Amino acid sequence: MGITERRAREREEMRVRIMEAARCLFAKEGYEAVTLRRVADAIEYSPAAIYKYFQDKDDMVRALVEDDVAVLLDAFQPALAKCTPLERLRTLGLAYMDMAYDQPNHYRLMFMTRMPAGAKSEALEAGRGDPNTDAYALYVSVIADCISRGLFRDEFLDPELVAQTLWAGLHGIASLHITFSDKPGVAWRPVRDRVRVMQDLLIGGMVKPHVEGSAA
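None of these values were measured; they are calculated from a predicted model.

Draft legend 1. Region of the structure containing the overall build of the chain. Each helix and strand counted, the chain has 10 helices and 0 strands in total. Its helices and strands taken in sequence order, the chain reads α-α-α-α-α-α-α-α-α-α from the N to the C terminus. The C-alpha extent of the chain, read off along each of the three principal axes, is 65 × 45 × 35 Å. Burial analysis of the chain (216 residues in total) assigns 40% to the buried set. Within the chain, contacts between residues at least 6 apart in sequence are counted, and of these 70% link residues at least 24 apart. Of the roughly 12000 Å² that the chain leaves accessible, carbon and sulfur atoms contribute 53%. Across the chain, the 28 positively charged side chains and the 32 negatively charged ones have centroids separated by 4 Å.

In structure tokens, the structure reads:
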């Protein structure tokens, strides 16, 4: 490996270290409490040197959000290979929960940390509504496919309403797990079991009777 390649690899490794430290701090302390100096201290790095990688805190947050959305979209990909729309819908829910379970700091930053308007990514905003770049749009598109195939009852023909209702159920399980999984006195059942029960109840209550695959 040449000098140029080695320096590029070292630069990327340092960028990843900075982002992981920042993600952890943002998730635990919130946007307002975190400064570039706090991130630098967390990795024992010079605050001035961080400016080689990010212009300011908002630039760092934009990079984090873009990275986390890419992680979520990547987690969704296996679900799209499922044979039926309802299988895809259920598998997306499990994939969403797996991401929250395996990478809680990613999840906290994406869905449990309030960000200012200035931290929004122009790249993500430009891709808003595109199922290839927008995880929410992808989820809605799978639900819209179920609806177009006549699987849902007449009172559940708004894909946005269905998506937001199911998402609320998934987020409730994810946020409870991340925040209270160690709470004494609660005999928590496995996360995937809770997701399956929630989806059985919500999806099963929306699809038409006797639709194949409406129950797990």
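Draft legend 2. Local environment of the packing of aromatic side chains. Going through the model one piece at a time under the given rule, you end up with 6 aromatic pairs. Relative to F111, the ring of Y107 has its centre 4.8 Å away and its plane inclined at 50°; by these criteria the two rings are tilted. In this pair, Y107 and F111 are both assigned in helix α6 (residues 104-111), 4 residues apart and thus about one turn of the helix distant. On the accessibility criterion, Y107 (0% relative accessible area) is buried. With centroids separated by 5.6 Å and ring planes inclined at 35°, the aromatic side chains of Y136 and W167 adopt a geometry described as tilted. Highlighted residues: Y136 in helix α8 (residues 135-148) and W167 in helix α9 (residues 159-180), separated in sequence by 31 residues. A residue is classified by how much of its surface remains accessible, and W167, at 30% relative accessible area, is partly exposed.

Draft legend 3. Quick look at the side chain of K57. Tracing the backbone through its elements, the reader meets K57 in helix α4 (residues 57-76). For the buried K57, no salt bridge is present, and the opposite-charge side chain at shortest range is E32, 5.0 Å distant. Excluding anything up to four places from it in sequence, K57 contacts F26, Y31, E32, V34 and L36.

Draft legend 4. Quick peek at the pattern of salt bridges. Tallied over the entire structure, the rule returns 11 salt bridges. Notably, a salt bridge pairs R23 with D67, separated by 2.9 Å at the nearest N-O pair. A residue pair is termed long-range when its members are at least 10 positions apart, and R23 in helix α1 (residues 3-29) and D67 in helix α4 qualify at 44 residues. On the basis of relative accessibility, which here comes to 31%, the residue D67 falls in the partly exposed class.

Draft legend 5. Fine view of unusual backbone geometry. Of note, the phi angle at E44 is positive, near 55°, even though the residue is not glycine. Tracing the sequence through the fold places E44 in the loop between α2 (36-42) and α3 (47-50).

Draft legend 6. The packing of α6 against α9, seen in detail. The interhelical angle for the contact between α6 and α9, taken along N-to-C directions, is 125°, at an axis separation of 11 Å. Considering the angle they form, α6 stands oblique to α9. Read as a crossing pair, α6 and α9 show a hand that is left-handed. Residues P104, Y107, R108 and F111 of α6 pack against W167, H171, A174, I178 and T179 of α9. Its residues assigned to classes, the contact of α6 with α9 shows 6 nonpolar, 2 polar and 1 charged.

Draft legend 7. Focus on the packing of α9 against helix α10 (residues 191-206). Between α9 and α10, the shortest axis-to-axis distance is 11 Å and the interhelical angle comes to 160°. Classed by the angle they form, the pair α9 and α10 counts as roughly antiparallel. As for the relative orientation of α9 and α10, their crossing is right-handed in sense. For the pair formed by α9 and α10, the contact residues are V162, T165, L166, G169, L170, I173 and H177 on the first element and V191, R194, V195, M198, Q199, L202, I203 and M206 on the second. Among the residues forming the contact of α9 with α10, the class breakdown is 10 nonpolar, 4 polar and 1 charged.

Calculation notes
- Residues numbered from 1 in each chain as written.
- Predicted model: local features only at pLDDT ≥ 70, side-chain atom pairs only at ≥ 80, totals over all residues.
- Heavy atoms only, no water.
- Helix = DSSP H or I, 4+ residues; strand = E, 2+ residues; numbered from the N terminus.
- Buried < 20%, exposed > 50% of the residue type's maximum accessible area, 1.4 Å probe, protein only.
- Contact = heavy atoms within 4.5 Å.
- Areas by Shrake-Rupley, 256 points an atom, 1.4 Å probe, with all protein chains shown as cover.
- Lys, Arg positive; Asp, Glu negative; His and termini not counted.
- Charge placed at Lys NZ, Arg CZ, Asp CG, Glu CD.
- Phe/Tyr/Trp six-rings, centres within 6.5 Å; stacked < 30°, edge-to-face > 60°.
- Salt bridge = Lys/Arg side-chain N within 4 Å of Asp/Glu carboxyl O.
- Axes fitted to C-alpha atoms, helices over the stretch in contact; angles between N-to-C directions.
- Parallel < 35°, antiparallel > 145°, perpendicular 65-115°, else oblique.
- Left-handed = near helix turned anticlockwise from the far one by under 90°.
- Nonpolar A, V, L, I, M, F, W, Y, C, P; charged D, E, K, R; others polar.

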